[in-house]
Protein chains: 2
Amino acid sequence: MPTKPNNILFIMCDQLRWDYLSCYGHPHLQTPNIDALAKRGVRFTRANVQSPICGASRMSTYTGRYVQSHGAAWNGFPLKVGELTMGDYLRPLGMRTVLVGKTHMVADVEGMARLGVDPQSIIGVRVSECGFEPYERDDGLHAIGPEGRYDPQLPRYNRYLGDKGYDGDNPWHDWANAAAGDDHRLASGWAMRHARKPARVREEDSETPYMTRRALDFMREAGDAPWCLHLSYIKPHWPYVAPAPYNSLYGPGDVIAAVRSDGERRDPHPVYGAFMDHRVSRTFARDEVRAEVIPVYMGLIKQIDDQMGVLFREMEASGRLDDTVIVFTSDHGDYLGDHWLGEKDFFHEPSVKVPLIIADPSPAADATRGSICDELVEAIDLAPTFLHLAGGDPAQQTHRLEGRSLLPLIRGGPPPSWRRFTVSEYDYAMQPAAQKLNVAPADARLFMIADKRWKLIHAIGFRPMLFDLEADPDELHDLGAAADYSGECERLRAALAQWGLRQSQRTTRSDRQILNARGKSARRGILIGVWDESDVPAELWTAYDRRID
Amino acid sequence: MPTKPNNILFIMCDQLRWDYLSCYGHPHLQTPNIDALAKRGVRFTRANVQSPICGASRMSTYTGRYVQSHGAAWNGFPLKVGELTMGDYLRPLGMRTVLVGKTHMVADVEGMARLGVDPQSIIGVRVSECGFEPYERDDGLHAIGPEGRYDPQLPRYNRYLGDKGYDGDNPWHDWANAAAGDDHRLASGWAMRHARKPARVREEDSETPYMTRRALDFMREAGDAPWCLHLSYIKPHWPYVAPAPYNSLYGPGDVIAAVRSDGERRDPHPVYGAFMDHRVSRTFARDEVRAEVIPVYMGLIKQIDDQMGVLFREMEASGRLDDTVIVFTSDHGDYLGDHWLGEKDFFHEPSVKVPLIIADPSPAADATRGSICDELVEAIDLAPTFLHLAGGDPAQQTHRLEGRSLLPLIRGGPPPSWRRFTVSEYDYAMQPAAQKLNVAPADARLFMIADKRWKLIHAIGFRPMLFDLEADPDELHDLGAAADYSGECERLRAALAQWGLRQSQRTTRSDRQILNARGKSARRGILIGVWDESDVPAELWTAYDRRID
């Protein structure tokens, strides 16, 4: 890997479906700026997240490790102190790793206390912020209920809005995520019937342009030292509210039909059935909901695309397009009523597959510009890719990083052997489904394992689900109960079993250290199974041979 | 669990086979003091270690977690900072957790540096010493070779010997682990042909009595505060050298026949075959080696038993027998030529099974005194047992502790359901076998899964091995390649697959925390899937409803 760019701009959207971009084939939503990025880079068609939920997905992305390996299996489960993140890999190589936006990281306060790490110290902040230097941390979920705030941190964004004259204790909600309702009352974005009303905030002051400007602020201040900037938007994640004009750019006529069938509701897999029964699924099963929400979801994406235009133009002007690898992706998708589900949380393509575009300005990537890559790639591949871009050697970190560098796919043909299976996980212990099915927290876990054709969903304690992605690309026919397909189930289950037995915690010893240490203990005097001194070289006895009287 | 004793004395021998004690049936080796302990407590007949090698086994014992969970898979692989150990569970309950002897712990210096933990600080020492307060740390492996010391720490024991007039730079070797040879030269214990020669040290100054005295020193100094003392002997681990009279208490006539058959060497499983080819295996395959070494191995155990007599008499005199639960076990066994193998490292009973005796003075345990327990128990059960004894609730730690408290087996009948499978692991990446078989470090791993009758050994990349412990208690007939037994293999493989997918890293959130948190985010304002305000209780809207103009 010869050419080393200076910087990495790692853009993540939240809850952006893979197929809601025109370069991925959306028929009504034009995203010319993201499409242009794809023309400058490689567009991946089989990029999966490691868990279809914000927190777990992101912790996998930032650590380069599967959920079962890092353990932060759901939103709000702290990432344990000691897990390495992107910043831990990039910092020693001289690359700042900086955050603007969301991570959904919750600090392992108990673990830090046990180790005497002050959360306010430089190291403590690093541990608390998932390895990032928090230029601006904002998870974009400033909800308040009878028991208080969901996110105890007040965002800088609220101060920004206040300074601009937006009043109230929580302008994030009252202006950016609410509209004007009837009778001089707020129409909160938490009630989706208001989705198509315009947010009360001016477009320029809404979250997406604000975060774009914060990223540009950072770039201007950063100077010449190389950086990896994680620009992490909250949108198009709910509350589904957009400022004008994005609230009304699209209408019910632009909504593509839901991918679902009556067959899916007849005798579904018990876990799938329980997920269909979640409130959000029942809500999105209604056509009126889709007609109201999806146009705004599209508008929020359109706004992101426009902001990509702003961002890329500024970067072009400052020369940053020439020395910055740009990665564009999402943390998971959004069912939007497909398969009778809302939210994410399960493993159909609308949820587990994400857009992934990597544009690398180095000449080494010229050959792949504008191409698409159909290999099975995973969100955990980004950390090793960034390490690779920063001049590190991911092959020396395979005892920690479970993903693979994508550079060979970007700067050359596919490497000799790429992964044959992709794995994603979902912990539903926090969900009503676990309660309904009476599944204990430790067992409320789902595993997806898929190759390019077959997708198996393993639910502990239940039969598998199986989809033939070739014959049934819409995943409408669960073959997991059909005897004809028991061979496929067995094959994928065996691959999952092998995955489950992988080495994921031997993180204090690399393969190279092991190979280098093999057989060396004898040279430090440990002589095992030796009968006679002559069985081993004489030099090994030097410390043990002396005259006695 | 009503009665709470003050103290726990956790005695571990190193490399002590389960069957080299008279209470476990050895025909020639009488161990009356350990037998008496068994009469005062419960003797377990199916106690397995989590890995048949010192370091990995101990890290499992101290963390209460499988090797795949903690990652310190071999000797010298540091236990990662952040893993909780016995001390972390007992300290908050007011119980000191103290070490006299060996742990084989290697500190995660890199991890501590990353977190800014000073290895010399109280917390740093704790992390470095596996959670123990090191009253006396001594791994008993003070070997020296052309590249220096195996263990960089000089033992206090060397100073003790020096003060007693034993000369030289390393009296550990020159006096305690060497005999007088010919021509005024040392006969090093590292050459096993010298095994039956007496160590040059006086018996009272040899390692086992020294450590016993150190334990008694601690108990005298400890005062009334409750403690858990880990008295961890290096013997009967190699170098196989005993002081007089223990070097000559037994002779070749006391050596029981090797458990092995010619059939085992015909077309063995490739990994087993490669292990047979290790130098130590070839050495122990020779009858002259067994005849020389095993009598001394027995003598070293006899010395331990005599020291148990010293220890228990002193404890009786000081009242400690009345308020101290005593646990006696080993970190793994020793093949001693059985199955054509030396050392440990593989999964036949002489290696993976250990003696385990627990004597609990509380009246609650009166009913089980002198009984034996045939349940499948594991070394990882000790940490939750100790937590339980100290007044903690292991049920609240199942997200961290993978073992189960043995108290129900000691203070009552078996709990409603005990484990049906026991698992042990071995990482042979550091071994010549991996090189010979051309297996990459990450794949050089073996898993044993067994119930009370069947034992399967799963070697990544190879066929399984299978033993029928009922029909073939000596484990001489590997059925893993026989078509007749494919059903048993499949059943055990499926159980291993399920084990591999277990939740082991979600250590920052307990099951109880999850159950308590379920459905609570709405009360902090997160309203998912809500269409109309009336869909959820009005109180959830309080923070979102205001008058606007």
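Keep in mind the model is a prediction, meaning the values are calculated, not measured.

### So, the overall build of chain A
And step 1. What chain A contains, in helices and strands, is 20 helices and 18 strands.
And step 2. The C-alpha radius of gyration of chain A comes to 25 Å, within 12% of the 24 Å expected for a compact globule of 549 residues.
And step 3. Long-range pairs, those at least 24 residues apart, make up 72% of the contacts in chain A between residues at least 6 apart in sequence.
And step 4. Taken as a whole, chain A presents about 18700 Å² of accessible surface, with 50% of it coming from carbon and sulfur.

### As for the interface of chain A and chain B
How big an interface is tends to be expressed through the accessible area that disappears when the partners come together.
And step 1. The interface of chain A with chain B comprises 111 residues on the first partner and 111 residues on the second.
And step 2. Along the contact surface separating chain A from chain B lie 14 salt bridges.
And step 3. Glu110 of chain B is the salt-bridge partner of Arg400 of chain A, the closest N and O atoms lying 3.2 Å from each other.
And step 4. The tally of links between chain A and chain B comes to 59 residue pairs in polar contact (both at pLDDT 80 or more).
And step 5. Partitioned by chemical class, the residues of the side of chain A that touches chain B number 48 nonpolar, 28 polar and 35 charged.

### Quick look at the relation of the copies chain A and chain B
And step 1. Between chain A and chain B, the superposition needs a rotation of 180 degrees and an axial shift of 0.0 Å, giving an RMSD of 0.0 Å. The two molecules are tied by a two-fold rotation axis, judged by turn and shift.
And step 2. When the interface residues of chain A are mapped onto chain B, 100% of them again fall at the interface, so both copies present the same face.

### Side note on the environment of Gln30 of chain A
All names here are of chain A.
And step 1. Tracing the chain through its elements places Gln30 in the loop between strand 1 (7-13) and helix 1 (32-40).
And step 2. As a C-alpha pair, Gln30 and Leu479 span 449 residues in sequence and 36 Å in three-dimensional space.
And step 3. Excluding its chain neighbours within four sequence positions, the residues that come into contact with Gln30 are Ser22, Tyr250, Lys302 and Asp305.

### Focus: the sheet that holds strand 2 (residues 42-44) of chain B
Residues and elements named next belong to chain B.
And step 1. The strand order 5-4-10-1-11-12-2-13 describes an open sheet built from eight strands, whose pairing is mixed. In this open sheet, the two edge strands, each paired with only one partner strand, are strand 5 (133-137) and strand 13 (371-373). When the angles between neighbouring strand axes are averaged without regard to direction, this sheet yields 15 degrees.
And step 2. Taken together, the three bridges between strand 2 and strand 13 define a ladder with parallel strand orientation. Across the sheet, residue Arg43 finds its bridge partner in strand 13, namely Ile372.
And step 3. Its contacts with the sheet place helix 1 (residues 32-40) against strand 2, strand 11 (324-330) and strand 12 (356-359), and it is angled at close to 60 degrees to strand 12.

### Looking at the packing of aromatic side chains
By convention here, two paired aromatic rings are described through the distance between centres and the angle between planes.
And step 1. In this structure the tally under the stated criterion is 48 aromatic pairs over all chains.
And step 2. Residues Tyr135 of chain A and Phe218 of chain A carry aromatic rings whose centres are separated by 5.5 Å and whose planes lie at 70 degrees to one another, so their mutual orientation is edge-to-face. Taken together, the residues Tyr135 of chain A in strand 5 (residues 133-137) and Phe218 of chain A in helix 9 (residues 207-222) connect sequence positions 83 residues apart.
And step 3. Here the aromatic rings of Tyr272 of chain B and Phe346 of chain B are separated by 5.6 Å at their centres, their planes lie at 25 degrees, and the arrangement is stacked. One end of the pair, Tyr272 of chain B, is in helix 11 (residues 270-276); the other, Phe346 of chain B, is in the loop between strand 11 and helix 15 (349-352), and 74 residues separate them in sequence.

### With respect to the pattern of salt bridges
Residue and element names in this part refer to chain A.
And step 1. Taken as a whole, this structure holds 96 salt bridges over all chains when the rule is applied.
And step 2. Note that Asp360 and Arg411 form a salt bridge whose closest N and O atoms lie 2.5 Å from each other. With Asp360 in the loop between strand 12 (356-359) and strand 13 (371-373) and Arg411 in helix 17 (residues 407-411), this pair connects stretches of sequence that are 51 residues apart. No difference in accessibility class separates Asp360 from Arg411, as the two residues are buried.
And step 3. Bridged by salt links that share partners, the residues Glu136, Arg156, Arg214, Asp217, Arg220 and Glu314 form one connected network.

### Looking at unusual backbone geometry
And step 1. Backbone torsion omega between Ala244 of chain A and Pro245 of chain A reads 5 degrees, so that peptide bond is classified as cis.
And step 2. With respect to the helices and strands, Pro245 of chain A occurs in the loop between strand 10 (227-232) and helix 10 (262-265).
And step 3. Look at the link from Trp238 of chain B to Pro239 of chain B: it is a cis peptide, with omega at -5 degrees.
And step 4. When you line up the elements, Pro239 of chain B lands in the loop between strand 10 (227-232) and helix 10 (262-265).
And step 5. Although it is not a glycine, Asp267 of chain B adopts a positive phi angle of roughly 50 degrees.
And step 6. In this fold, Asp267 of chain B is placed in the loop between helix 10 and helix 11.
And step 7. The class of Asp267 of chain B is exposed, set by a relative accessible area of 72%.

### Description of the pairing of strand 12 of chain B
Residue and element names in this part refer to chain B.
And step 1. By the alternation rule, side chains of strand 12 split into Leu356 and Ile358 and Ile357 and Ala359, which are all buried.
And step 2. Sheet analysis places strand 2 next to strand 12, joined by three bridges and oriented antiparallel. The partner of Phe44 across the bridge, within strand 12, is Leu356.
And step 3. Of the strand pairs in this sheet, strand 11 and strand 12 are connected by four bridges, and their pairing is antiparallel. Across the sheet, the residue bridging to Val327 is Ile358, located in strand 12.

### Let's talk about the sheet that holds strand 16 (residues 445-450) of chain A
All names here are of chain A.
And step 1. Across the sheet, which stays open at both edges, the four strands sit in the order 15-16-17-18 with antiparallel pairing between neighbours. What marks the edges here is a single partner per strand, and that holds for strand 15 (422-427) and strand 18 (465-468). Recorded for the sheet is a direction-independent mean angle of 15 degrees between the axes of neighbouring strands.
And step 2. Relative to strand 18, strand 17 (residues 454-459) runs antiparallel, the two sharing four bridges.

### A look at the nonpolar core
Across soluble globular proteins, nonpolar side chains have a tendency to be buried as a group.
And step 1. Counting residues in each nonpolar core, the largest one holds 79 residues, and the members touching the most others are Leu9, Ile11, Leu311 and Phe328 of chain A.
And step 2. Per-element tally for this core: the top contributor is helix 13 (residues 287-318) of chain A, with 13 residues.
And step 3. Not counting the four nearest positions on each side in its chain, Phe328 of chain A is found in contact with Ile11, Cys13, Leu16, Leu21, Ile34, Leu37, Ile304, Met308, Pro355, Leu356 and Ile357 of chain A.
And step 4. In terms of nonpolar packing, the next biggest core, distinct from the first, is built from 78 residues, Leu37, Tyr157, Met298 and Ala359 of chain B among them.

### Thoughts on the packing of helix 9 (residues 207-222) of chain B against helix 13 (residues 287-318) of chain B
Residue and element names in this part refer to chain B.
And step 1. Relative orientation of the contacting elements helix 9 and helix 13 amounts to 15 degrees, with a least axis distance of 10 Å. Our classification of the angle between helix 9 and helix 13 gives roughly parallel. Where helix 9 crosses over helix 13, the two elements pack in a sense that is right-handed. On helix 13, the residues touching Thr208, Pro209, Thr212, Leu216, Met219 and Arg220 of helix 9 are Gln303, Ile304, Gln307, Val310, Leu311, Glu314 and Met315.
And step 2. Split by residue class, the contact of helix 9 with helix 13 holds seven nonpolar, four polar and two charged.

### A few points about helix 13 of chain A
And step 1. Compared with the 46 Å implied by 1.5 Å per residue over 32 residues, the 46 Å span of helix 13 of chain A between its first and last C-alpha is a close match.
And step 2. Of the residues trailing helix 13 of chain A, Gly319 of chain A is marked for its positive phi of about 85 degrees.

### What about the side chain of Arg17 of chain B?
All names here are of chain B.
And step 1. Topologically, Arg17 is positioned in the loop between strand 1 (7-13) and helix 1.
And step 2. With a relative accessible area of 3%, Arg17 lands in the buried category.
And step 3. For Arg17, the side chain forms a polar contact with the main-chain oxygen of Tyr335, separated by 3.2 Å.
And step 4. Residue contacts for Arg17: discarding those within four places in its chain leaves Tyr297, Gly333, Asp334, Tyr335, Leu336, Asp338, Pro350 and Pro355.

### A closer look at the packing of helix 1 of chain A against helix 13 of chain A
Residues and elements named next belong to chain A.
And step 1. Contact geometry for helix 1 and helix 13: axes closest at 7 Å, N-to-C directions at 55 degrees. In terms of orientation, helix 1 and helix 13 fall into the oblique class. The segment helix 1 lies against helix 13, with Pro32, Asn33, Ile34, Leu37 and Arg40 engaging Lys302, Asp305, Asp306, Met308, Gly309, Phe312 and Arg313.
And step 2. In terms of residue class, the contact of helix 1 with helix 13 is built from five nonpolar, two polar and five charged.

### A look at the state of the cysteines
Residues and elements named next belong to chain B.
And step 1. By the definition in use, this model includes zero disulfides over all chains.
And step 2. We note that Cys373 lacks a disulfide partner, and the nearest cysteine sulfur, in Cys23, lies 15 Å from it.
And step 3. The class of Cys373 is buried, set by a relative accessible area of 9%.

### Digging into the side chain of Glu83 of chain A
All names here are of chain A.
And step 1. Relative to the helices and strands, Glu83 is located in the loop between helix 3 (67-70) and helix 4 (86-90).
And step 2. The class of Glu83 is buried, set by a relative accessible area of 12%.
And step 3. A polar side-chain atom of Glu83 sits 2.9 Å from a polar atom in the side chain of Arg65.
And step 4. Sequence-distant contacts of Glu83, that is, excluding residues within four places in its chain, are made with Thr63, Arg65, Ser69, His70 and Asp88.

What counts as what
Residues numbered from 1 in each chain as written. Chains lettered and ligands numbered in written order. Predicted model: local features only at pLDDT ≥ 70, side-chain atom pairs only at ≥ 80, totals over all residues. Heavy atoms only, no water. Helix = DSSP H or I, 4+ residues; strand = E, 2+ residues; numbered from the N terminus. Rg over C-alpha atoms; globule rule 2.2 N^0.38 Å. Contact = heavy atoms within 4.5 Å. Areas by Shrake-Rupley, 256 points an atom, 1.4 Å probe, with all protein chains shown as cover. Salt bridge = Lys/Arg side-chain N within 4 Å of Asp/Glu carboxyl O. Polar contact = N/O pair within 3.5 Å; in protein donor to acceptor, adjacent residues only side chain to side chain. Nonpolar A, V, L, I, M, F, W, Y, C, P; charged D, E, K, R; others polar. Least-squares fit on C-alpha atoms with pLDDT ≥ 70 in both. Pairing = 2+ DSSP bridges. Axes fitted to C-alpha atoms, helices over the stretch in contact; angles between N-to-C directions. Phe/Tyr/Trp six-rings, centres within 6.5 Å; stacked < 30°, edge-to-face > 60°. Buried < 20%, exposed > 50% of the residue type's maximum accessible area, 1.4 Å probe, protein only. Core = buried A, V, L, I, M, F, W, Y, C linked by side-chain atoms within 4.5 Å. Parallel < 35°, antiparallel > 145°, perpendicular 65-115°, else oblique. Left-handed = near helix turned anticlockwise from the far one by under 90°. Expected span 1.5 Å × (residues − 1). Disulfide = S-S within 2.5 Å.

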